[in-house]
Structure formats: C-alpha cells, structure tokens
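# Architecture at a glance
Residues per chain are reported as follows:
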Amino acid sequence: PQPAVPQPVTPPVPEPGARTPEFPAATILGYPRIGPRRELKRAMEAYWDGRAGLAELRETGRRLRAETWTDLARRGLAGQVSNTFSDYDHVFDAALLLGAVPERYRRDTPEDTAFAAGRGAAGLAPLRMTKWFDTNYHYLVPEIGPDTGFRADPSKPLTEYAEARALGVETRPVLLGPVTFLLLSEPTADAPAGFAPLSRLDAVLEAYEQILGALADAGVGWVQLDEPALVADRSADELAATATAYRRLGGLAHRPALFVASYFGALGEALPVLAAAPVEAIGLDLVRGELPDELDALRGKVIVAGVVSGRDVWRTDPARATGQLERLRGTGATVAVSTSCSLLHVPYDLAAETELPAELTGRLAFAAQKVDEVVALAAGDTGAIPTPVPAAAPVELPPVAQRSPYPVRAVAQAARLALPDLPTTTIGSFPQTGELRAARAALTAGRLDPAEYDRIIATEIDRVLALQEELGLDVLVHGEPERNDMVQYFAEHLDGFAVTRHGWVQSYGSRCTRPPILHGDVRRAGPITVRWASYAQSRTDRPVKGMLTGPVTIVAWSFVRRDLPLRTVVHQVADAIRGEVADLEAAGIGIVQVDEPALRELLPLRAAQRDDYLDWAVAAYRRATSGAGDATQIHTHLCYSDAEAVLAAIDALDADVTSVESARSHGRILAERAVHSFARGLGPGVYDIHSRRVPPADEIAAGLRAALAALPAGRVWANPDCGLKTRGYPEVTAALRNLVAAAREVRSAD
Ligand code: GLN
Ligand code: ZN
C-alpha cells in the first residue's frame, strides 16, 4: 500500500520567532539529479551544441525536480530536500550563492556562468576540477583570494523551495556549509604566498547570514548545511573557525533551524565543536563511523542518524541500523533516520534493472530503495529488509615474484623499443564516435551481427593507427573503440561482476559512469584484451601499448561486496590483471599500461589510516604488474588525483613510466620535491583533455621545458593528461599535432 500522491497545498509560513519546527522522522541528505534516464545530461549537451535553448534546459531541470519530489512523497518520505539539483556542480553553485565566482567566467545567466567555469571557452581555461572527498564525483575548485567580493544570491535555493512548495512538498534547502566551502577552495593566482581561503571566513559568514535571513523570510523551517570537510583531520585553527562560524550563524535572531550534516566518516574532534554550537540538529554518518562516545554532549539536539549507506548499492543490515537507532533513542535524544550522505553517488532505481540475477537483486538497494529503507526504519517496520550475507573469512593470497630493479629493466627496454628522447604518446582512448556507440547499442540489442561489429572495431583501429602514424606519435594505442568504459569493459569479462542497464552515477558535469557491481569472487575466464591489442600491433611497426585498468581502480569504480575486506577483493582483481599482462606479453606486446587513476581516490580521509591503505594498494598494483619481463615496459596513468598527496606511493608502484594530471593544475606537480627523486619515466600531462580547448604548441612546449627542468634528463614523456574518449576528432587532431610539434621543437633545442 502506497501513500497517495500529494496535492498542491501551501504550507503555513511560520511566525517569526516561532519555536523550532519538528524535524521529520525520515529524511535523506540529497538525491541524484542527472535524471533516471540521464535526461539532464542530454538537455545540457543539446544546449551546449545549440540544439536547444536555455528555456528547454531549464524546463528539463524543473521537470526532474518535480518528478523526484513527487516520487519521494509517494514513497512516504517526509523529510524532503531542495537545492540538491545542480546544472553543473553543487560546489560551483555555492560559489554562485556567495557571489564569489571569478570574474573571467561571469556570464548573463547562472547556467552559462557554470558552463564557462566547468568547460572553459576559446582562450579561457576552465576551473580546476578535483574529486569530492573519496568519491568519484568531481567538483570545480572555487578560487578565493584576499580581494574576492562576496554578495549573497539566494535565488536558486529560494526558487527550488518555492517550486516544491507549489507541489505541496515542504523541503529543507541544502547548502554547502561555510567551513567546507572555504576548505575546498584554493587561493586565486594573485593571492600572496601562504594565503588561506579560510581567512575570509568573516566575509563568507556575512553572506550566509543574509542567505539564512532570506530563507527564513520565505518560510523555510529547516536548512541543511553540509560540512563533510569536518570528517577529515582538521587543525586547531580550522576547528576554531568551525566554532566561530556556527556560533555566529546560530546566534542569528531571524533564521531557519540549522541542521549541520557531516558525512563520509566520523566527526571525531569536530563533534564536541558542533555539539557546543547553537545549532538544532547534527547529522552523523553511522555507516562509516560508529556511534560516538560523547552522545551526552549532543543532548538537546536532533540527531540525524545516517544509518542507510549513500555510498553503496547494498541493502541496509536492519539489525545494525535498528541497534544504532535504539541506542541513540536510549539516550533520550530526538532521532531522525537518514542516509549516511547524499544519494548522489548511487543509481536511481533498482526497478529499472530487469536483467540482474534475482539472487543479486534481493541484496540490492538503489536510491529509491534506500528511501524506502529510511522510511521503513523510521516506522520501525524492518521486516521487509533481508539480512545481508554474513562476512566471509579473509583469505591471504600467495605471494608472487617481483621484477628486476628499474635500472636493469630500463636498459632492456631501451634496447627493445629504441624510442627518441621525450617520447610522445596518448593515454589510451581515442574519441568514441556516434557510429561506434550506435554499433555497440545495436550489438547489445541484437540488431547487429557480432562479426559485423568486429569489422567496425577493426576498421576503427586501423583509422586510429593511421592517424597516429600521420601525426608522428612514437608509442601508439589501439584507441579502445571496443570499450564502453575502462572499468565496465573489464567487469563484463570477469567472473564475479554484474553490470546494470540504467545504473548511471554522475561523475562531473554531464558525464556519468555506470559502476559495475562486484558481488562474487573475481576470476578471469580467458584473455580479455589480447585480441584487439595484437590486431593493432600487427598493423603497425611502431610499438602499440596494451591497455588495462588497474585493480584499485576497478574496485574503486565498482560497487563492491562487503562480506570480504576490500584489500582481499582488490588482490583478487590484481591476480586477474596479472594473468592478462602475461597473455599480452606472450602475444608480443612490448608495452603494457595499467591505469590506476583511482589510487588517490580511495585514500582514507584520516591520515592515521593512510599508510595501511597505500601499503595494500601498492602491493595490489605490483601483484598485477610484477609478472612482466624486464624488456616489457609497464606504464601507469593517474589523473585528477592530487597526485602530490601520494607521490611516494606512485613511485612505489614501480611502473617504468607514469603519466599524471598536470595541465589543469598548471604543472603544480613539478614543484613537488618528491618528483625530483622520481626514479622512473614521467609524463606530466601537458594537454588538458577535460576541455575542448586546443592548447597551442608553444604552451605545450613550455610545459615540457618545465618538466625537463624539474626531472632527471631522459625520463620525460610528452602526453595528454587523460584519455581522449570524450573529445571530438577535430580538436584532438589539432591538439596532438601541436603536442608532437612541441616535443620536436624542445628535442631539437637541446
Ligand atoms: N586508458 C584510459 C583512457 O584513455 C584511461 C582513462 C582514465 O584515466 N580515466 O580512456
Ligand atoms: Zn585519466
């Protein structure tokens, strides 16, 4: 039995000075926004291509928001949220809210401003983008300087709040909190050395005060301020800033009730700070964190208990969740049931998946099902939630042999490959054309004969090889035309994985991924990539890199079983990749790239847990690659990973050549001391592929010279900073032409 669809009513506007409104018993911290069928992605791309106007884009957003509120109301969720929608990125939305957008991106509409910042334009590089904590979502890094002006613009939360209200749905607007906003920001280019964005807290708080006042005027009862930065290690100054911020916002006479949400881990030393602040509700991630000991300190506040995971696709363990809720209620606290974080990181609805094995479906919950769980737990009605699979005993995998030291390998590889100085290469994928996508869709739908599909792939590989030869690249790739996605492709060919049809999750802007579900023991039934790699190598005299995804990344970008320790799962995957490396080698492939772009992403937010993680993650990578002979060159690739934080671990991967992000962070990595002692080949990406912009040859040459100045001679590679899959051929061809020209120019100048 489902509650009836809500009827439009206008909830009463609370009197100024009224008592704190009741916090709903069941709530979520946020919801997916890209659309159940990626409607927003399509609408954005149509707008960018000029196929649709702004009015159509806005209408799509309005319709998606309305559908979400209506669906969640139908599911019985009282604690609904607004302002969780975003046209491009919610962190950039916070910069818009505060009027703190860098001048160079300002356009007439907030959408165009966000798109300019996210995508760049001719002659305008986009904002730096990086991962949202330890998720695979990327946000645009706000730039804050000593002179940044702040001007509150609450129009977006007000509009969304009013929209929901017109549908009869009372919502809690969600804003990024002031402390997290400033901690995620980086100094503007002209800021003095040592400038910390957090030093602008006063000015930012003034803007938040105006925003809270405007929300109160509109009748908002509760507002949610997201402070996930508080679950990482924070300095005494940062904790003091947190105390200041919430003392000030809580002290406002005219404001909604304040709910400060923490997520992605336990609050630790920030808990007493928030407990002492005059805020009415505090959110705890009780999936990643256990119940804190200092519950007494929270007396008088609503505890929003995040017992339903927003980070995985598994059903909640009802015993654990109800146990936690009971203990909380036992302290006399007012408790609301919630998700551990926004549901942004999980797919919309399991009901859309009709091809998953029933045994697996019974264990799964996507966003809609998580809402049902929250509602059921709040009602004390957990009978429908099945008990999860019990934990299996961790198995230690047998040790494997390691490779010869790098100097020995380097000699063998130089003899075999005979590459010039400053070798040019790409990261693996070439643009995925509409024809390729259409062919794959037709194959999946059974409308295209597999032999015909293979012919299309072979033709594409020939074309991509010919282009690379014509451009003059030194190490070629086959272009990955047969791969929908660097993780999903492997998941489809390994035992122990299931893939979804509609399980899209937003990665950044209009980009989504469909994380596979790793639910059983991972095994490789046979070679996965050897066929196309050897086909490509048979068509050219230049070396072709075999292209594999690393074990940490395969696991990081999948939803992973919880009944085994993560390290055991990663090592199982490593063994499968090890087998694939051996098969590529046996087929005569001389260079194998094993990508690990997610190495940084899984780094624990707390420093105390990092060494342990890096130990097993590095061990997994070496397990995957150390079977290669000395003359086989192992490459790895990491991107948008703030590689600075894990440089020592990257070095420990022991890959012969490493390509990293560098273009969008303006070569920042080269300033790192650890880079100077980097003992192996390094390709600091000199072409930012996350933008349509074609970098001029002299800009690339400058990047290469900077790398040569920082790194040991003879170790520098020239390459883009990621795969070219999402780009178009015209810009890729022009950019790679500039890359080769720049490498030649720099080579001949030496
Ligand atoms: N080899 C992959 C590609 O080129 C790497 C992608 C990535 O790092 N995200 O597409
Ligand atoms: Zn990459």
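Here the structure is a predicted model, which means the values were calculated and not measured. (Residues numbered from 1 in each chain as written. Chains lettered and ligands numbered in written order. Predicted model: local features only at pLDDT ≥ 70, side-chain atom pairs only at ≥ 80, totals over all residues.)

### Quick look at the site of ligand 1
In the region of ligand 1, 13 residues are neighbours, and Ile427, Gly428, Ser429, Pro597 and Gly723 sit closest. Tallied by class, the residues present in the shell around ligand 1 amount to six nonpolar, four polar and three charged. (Near = placed C-beta within 6 Å. Nonpolar A, V, L, I, M, F, W, Y, C, P; charged D, E, K, R; others polar.)

### A short note on the pairing of strand S16 (residues 545-549)
Extensive coverage of S16 is indicated by the burial of five of its five residues. Because side chains alternate across S16, one face comprises the buried residues Lys545, Met547 and Thr549, and the other comprises Gly546 and Leu548, equally buried. Sheet analysis places S16 next to strand S18 (residues 591-595), joined by five bridges and oriented parallel. Bridge assignment links threonine 549 to a residue of S18, and that residue is aspartate 595. (Buried ≥ 20, exposed ≤ 12 C-beta atoms within 10 Å, placed from the backbone. Helix = DSSP H or I, 4+ residues; strand = E, 2+ residues; numbered from the N terminus. Pairing = 2+ DSSP bridges.)

### Considerations on the nonpolar core
One recurring pattern in soluble globular proteins: nonpolar side chains tend to sit buried together. Counting 215 residues, the largest nonpolar core has Ala305, Val374 and Leu704 as its most contacted members. Examining the composition of this core, we find that nine residues originate from one element, helix H7 (residues 201-217), more than from any other. In contact with valine 374, not counting residues within four places along its chain, are Ala26, Ile28, Leu77, Val308, Val337, Ser338 and Thr339. (Core = buried A, V, L, I, M, F, W, Y, C linked by C-beta atoms within 7 Å. Contact = placed C-beta atoms within 7 Å.)

### Observations concerning the sheet that holds strand S10 (residues 302-308)
What the seven strands build is an open sheet, ordered S1-S5-S7-S8-S9-S10-S11; its pairing is parallel. The open sheet has two edge strands with one neighbour each: strand S1 (80-82) and strand S11 (334-339). Neighbouring strand axes in the sheet, compared pairwise and without regard to direction, differ in orientation by 30 degrees on average. With respect to the sheet, helix H12 (residues 367-378) is in contact with S10 and S11, its orientation differing from that of S11 by roughly 160 degrees. (Axes fitted to C-alpha atoms, helices over the stretch in contact; angles between N-to-C directions.)

### Digging into the pairing of strand S20 (residues 657-660)
Alternating positions in S20 separate into two faces, Val657 and Ser659 on one and Thr658 and Val660 on the other, with burial throughout. Pairing of strand S19 (residues 633-638) with S20, which is carried by four bridges, proceeds in the parallel orientation. Directly across from leucine 638, in S20, lies its bridge partner valine 660. Here four bridges tie S20 to strand S21 (residues 681-684), and the two strands are oriented parallel to one another. Bridge pairing in S21 links valine 660 to proline 684.

### Notes on the UniProt feature "binding site: L-homocysteine" (unreviewed entry) in the chain
In the numbering adopted here, UniProt assigns the feature "binding site: L-homocysteine" (unreviewed entry) to Ile427, Gly428, Ser429 and Asp595. Sequence-wise these annotated residues cover 169 residues; spatially they are packed, their C-alpha atoms never more than 11.8 Å apart. When residues no more than four places from it in sequence are discounted, the contact partners of isoleucine 427 are His637, Ser659, Asn719, Pro720, Cys722 and Gly723. Here glycine 428 shows up in the loop between helix H13 (406-417) and helix H14 (434-444). Not counting residues within four places of it along the chain, the set of residues in contact with glycine 428 comprises Val477, Glu480, Met547, Gln593 and Gly723. (UniProt positions renumbered as here; feature names shortened; annotations may be inferred.)

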